[in-house]
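Tertiary structure, described
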Amino acid sequence: MIARELREIIAAAISEAAAAGEIPAVETPDFVLERPRHKAHGDWATNAALALAGSIGRSPRDIASILAARLREKGLSPGDEGEAGTLREVEVAGPGFINLTLSRDRVLRELARVAGEGKDYGRWDFGGGRRFNVEFVSANPVGPLHVGHGRWAALGDALCNLLAMVGYDVDREFYLNDFGTQMEVFAASVEARYLELSGVHAEFPAEGYHGTYVVDIARTLLEEDGGSCTGRPGAERRAELGERAYRIALAHIKDSMESFGVHFDTWYSERELQQGGAVEKEVRGLLEDGLAYEKDGAVWMATSRFGDDKDRVLVRTGGAPTYFAADIAYHLNKMQRGYDHLINIWGADHHGYVRRMQAAMEARGHPDRLEVILGQLVNLKRGGEPVRMSKRTGEMVTFDELVAEVGRDAARYLFLTRSQDTALDFDIQLAVEESMDNPVYYVQYAHARICSILRYGMGKGVDLSEDVPALETLRLLASQEEWDLALKVFEFEELVRDAALDRAPHRLTRYLEELAATFHVFYNRHRVISDDSGLTAARLFLARCVRQVLLNGLGILGVSAPESM
RNA sequence: GCGCCUGUAGCUCAAAGGAUAGAGCAGCGGACUUCUAAUCCGCAGGUUGGAGGUUCGAGUCCUCCCAGGCGUGCCA
């Protein structure tokens, strides 16, 4: 690939210059190689001379001149008017940048590589097949998902695709908090609604879930059993209704995720963990290993010994384990399942929890294995007025409503254009209106346009074979717009790597918009299919490369690439 | 009080420490007899919250201040 090749050439130029005594021998510095913002600065640019200046103590421009001479020698190999090598031009600029312009044939060869790699273009193997577990959404299964969960679904799924693209073996996991307090509150709420609907007076629990969906679930239960639960003993009735309501809520969540295109490999049940004794066993183990102790009638874990601000309760006075205790057992369970690395995507409201969880992992011999990605919250609004997203108050906009109104592609894209570090103000009405202008259509349109060109070509009897045209033919690509497009295509590989390493899928949306824009400009300026069969073949080939990258990129985001719009 | 995140165009947001801070939307003006006008071209829009500092270079890193969000439970 071009970037790697350029890096190697630059590194070689540095060591050769040092060997020749032109500069003092130093370790090759970390230098930047990037696409410059301005076209006048070449196709690629490096700050290698600036990076060397500090340790060498000579002016950056002098060093740049020395390196540039070496680069010219290496990059501009003779023959074919200087086009056979990697570079066409090497220039020292500004405070000491070296601007590089690629040779025409090198660009065309790279284009052929893009076509050759096809759906694997952008793939890396530095993950080495290491097993990653990515846990996300993990909403309490006591009602429908709300809009905020959509952000984690879109983010988690895209991140998993990115990680898989760079060579990790990724599993998606959803943790079900199907045990404990909130399940009991849920059961009590459903029971009360069930009784009300049956015409029996019932006291609604003080802290119960007021959402209308609870009534809907109760109605479904009533329709199922004809009210036969009404006369049963309270505890028994509540347990049964709670259990059936849970199944309904869970099925709903699974449907929502699948129809959003997010498939979880594992739905891990806290209940199984608890009922299998894993939580108690872990608490005992921590006590035995001197990592936990009893105080004030409770059991505490000594997380402060591992970087936490203070120790945390594992078992409350009265014997009930905390969520934290269960979470320790759960995360150790993940490790036992053979994962090399764990990633959790949590809302920012859980950030106070990160330190103690990592402390627990460290205490159990897994330092640095748990990575927590904190996503800032979605602030829901309706007509400019804030709406609290709470199952308790029941006032919420569901995830399904959003997807139904703005569509799956627009919803996914909407969530992915923003970095997870930024809080997202989300007005459902505005979202519906703005979905008409959603940049996702801009990107998809570029793809549809290319497909349209191919259809048109077919009608015209143009040769649509997918063979790479001969170099002679590709050399007909000579306009500024065509070069811009080719170079934009080449950015994809490094972008995928960087986005994966930085856990930043949003960069991909930005890139795809740039690629689409570059294509639209090209399209408006040049006809792909014309009477010139050579030029037609060359441009069709270029368009195909663009299409491939659009496909690969949209695929990572989990957004469809329609052939017509 | 302490901790994490954020503050960039009217709005929503970009910008691995790089050169003249960019897109979309909104606004104004243009381009369809030609492969899809969900497109393109142009204009306008900025003291990157403020003040210091680090260095060849700071929206980005450091310190302090201001503002907003979220935490700071024997809740989950």
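For every chain, the first residue of its written sequence is number 1, and the numbers climb from 1 along that sequence. Chain labels run from A onward and ligand labels from 1 onward, assigned in the order the entries are written. Residue-level local features of this predicted model are given only where pLDDT is at least 70; pairs of side-chain atoms are given and counted only at 80 or more, and the full residue set underlies all totals for whole chains, interfaces and linings. As a rule here, side-chain values come from all non-hydrogen atoms in the structure, and water together with hydrogens is ignored.

Overview of the protein's contact with RNA strand B
If a single non-hydrogen atom of a residue is within 4 Å of a molecule or strand, that residue counts as near it. Neighbouring RNA strand B are 63 residues, the closest being Val32, His351, Arg418, Tyr445 and Ser452. Near the protein, meaning within 4 Å, the atoms of RNA strand B are sugar or phosphate in a fraction of 60%, with bases accounting for the rest. Within the backbone of histidine 526, one N or O atom sits 2.4 Å away from a base nitrogen of RNA strand B. Helix and strand assignments come from DSSP, with helices taken as H or I runs of at least 4 residues and strands as E runs of at least 2, each series counted from the N terminus. With nine residues, helix α16 (residues 439-460) is the largest single contributor of residues to the surface near RNA strand B. Note on residue classes: Ala, Val, Leu, Ile, Met, Phe, Trp, Tyr, Cys and Pro are nonpolar, Asp, Glu, Lys and Arg are charged, and everything else, Gly too, is polar. Residue composition of the surface near RNA strand B, by class: 25 nonpolar, 22 polar and 16 charged. We define a polar contact as two N or O atoms separated by no more than 3.5 Å, with the added condition that, inside protein, one atom must be a possible hydrogen donor and the other a possible acceptor, whereas residues neighbouring each other in sequence contribute only through side-chain atom pairs.

Some points on the sheet that holds strand β8 (residues 292-295)
A sheet is described by the order of its strands in space; here three strands give the open sequence β8-β9-β10, paired in antiparallel fashion. Edge positions in the sheet fall to β8 and β10 (312-315), since each of these pairs with one other strand and no more. Ignoring strand direction, the axes of neighbouring strands in this sheet form an average angle of 45 degrees. Bridging between strand β9 (residues 298-301) and β10 involves three bridges; their strand directions are antiparallel. Looking at β10, one finds that methionine 301 is bridged to arginine 312. The criterion for strand pairing is that DSSP finds at least two bridges linking the strands in question. Convention adopted: a line fitted to C-alpha atoms gives each axis, helices being fitted over their contacting stretch, and angles between N-to-C directions are expressed from 0 to 180 degrees.

Remarks on the packing of aromatic side chains
Side-chain rings of Phe, Tyr and Trp, where Trp is taken by its six-membered ring, are said to pair if the distance between their centres is within 6.5 Å; with planes under 30 degrees apart they count as stacked, over 60 as edge-to-face, and otherwise as tilted. The final tally for this structure, using the stated rule, is 18 aromatic pairs. Between phenylalanine 126 and tyrosine 168 the ring centres are 6.2 Å apart and the planes differ by 85 degrees, which places this aromatic pair in the edge-to-face class. Of this pair, phenylalanine 126 sits in the loop between α4 (104-117) and β5 (131-135) while tyrosine 168 sits in the loop between α5 (147-165) and β6 (169-176); the two residues are 42 residues apart in sequence, bridging distant segments of the chain. Under the scheme applied here, a residue whose accessible area is under 20% of the maximum for its type counts as buried, over 50% as exposed, and between as partly exposed, the area being computed with a 1.4 Å probe on protein chains only. Of the residues examined, phenylalanine 126 reaches a relative accessible area of 33% and is grouped as partly exposed. When the ring of phenylalanine 186 is compared with that of tyrosine 209, the centres are 6.3 Å apart and the planes differ by 45 degrees; the resulting orientation is tilted. Of the two residues, phenylalanine 186 is situated in helix α6 (residues 181-197) and tyrosine 209 in the loop between α6 and α7 (212-225); the sequence distance between them amounts to 23 residues.

As for the side chain of aspartate 327
By secondary structure assignment, the location of aspartate 327 is in helix α11 (residues 323-336). Contacts: residue pairs with any heavy atoms within 4.5 Å of one another. Aside from chain neighbours lying at most four places away, what touches aspartate 327 is Tyr175, Tyr353 and Met357.

Observations concerning the environment of glutamate 491
Within the secondary structure layout, glutamate 491 lies in helix α18 (residues 480-501). Residues glutamate 491 and glycine 122, 369 residues apart in the sequence, show an inter-C-alpha distance of 9.4 Å.

Some details on the nonpolar core
Note on terminology: a nonpolar core comprises buried Ala, Val, Leu, Ile, Met, Phe, Trp, Tyr and Cys residues joined through side-chain atoms within 4.5 Å. One finds Leu67, Leu100, Leu111, Val137, Phe426, Phe490 and Phe519 to be the most contacted residues of the largest nonpolar core, which totals 148 residues. With twelve residues, helix α20 (residues 533-557) is the largest single contributor of residues to this core. Judged by nonpolar contacts, the second largest core, of 31 residues, contains Val279, Val354, Met357 and Ala363.

Details of the pattern of salt bridges
Counted as salt bridges are all cases of a side-chain nitrogen of Lys or Arg within 4 Å of a carboxyl oxygen of Asp or Glu. This structure, assessed with the given rule, holds 40 salt bridges. Residues arginine 35 and glutamate 491 are paired through a salt bridge, measuring 2.8 Å at the closest nitrogen-oxygen approach. Taken together, the positions of arginine 35 in the loop between β1 (33-34) and β2 (44-46) and glutamate 491 in helix α18 put the pair 456 residues apart, joining distant regions of the chain. A residue is classified by how much of its surface remains accessible, and arginine 35, at 25% relative accessible area, is partly exposed. Here glutamate 491 falls in the buried class, since its relative accessible area comes to 17%.

Describing the domain arrangement of chain A
For the domain bounds, the source is a domain assignment made automatically or taken from a database. Here the domain parsing of chain A yields domain 1 (2-102), domain 2 (131-175 + 262-375), domain 3 (181-259) and domain 4 (439-557). Using C-alpha coordinates to define each centre, domain 2 is positioned 28 Å away from domain 3. With 14 residues of domain 2 at the contact, the number on the domain 3 side is 16 residues. Here domain 2 packs against domain 3, burying approximately 1500 Å² in sum over the two surfaces, 67% of which is carbon and sulfur. Two parts lose some accessible area (1.4 Å probe) when they are put together, and adding that loss for both gives the buried area. By the criterion of area lost to domain 3, the three top residues of domain 2 are Pro141, Val142 and Trp267, representing 40% of everything that side buries.

A word on a nonpolar patch on the surface
On the surface, Tyr441, Tyr445 and Met565 cluster together to form a nonpolar patch covering roughly 300 Å² of accessible area. Positionally, tyrosine 445 belongs in helix α16. The patches described consist of residues with a relative accessible area above 30% and no salt bridge, like charges being joined within 9 Å and nonpolar side chains (Val, Leu, Ile, Met, Phe, Trp, Tyr) within 5 Å. Accessibility throughout is a Shrake-Rupley quantity obtained with a 1.4 Å probe, and a residue counts as covered only by protein chains that appear here.

Structural notes on α4
Expected helix span is computed as 1.5 Å times (number of residues minus one). Over its 14 residues, α4 runs 20 Å from end to end, which matches the ideal 20 Å to within 8%, given 1.5 Å per residue. The set of residues buried in α4 consists of Asp105, Arg106, Val107, Leu108, Glu110, Leu111 and Val114. If you follow the buried residues of α4, they end up packed against α1 (2-19), β4 (97-102), α17 (471-474), α18 and α20. Within two residues after α4, glycine 118 carries a phi angle of roughly 55 degrees, on the positive side.

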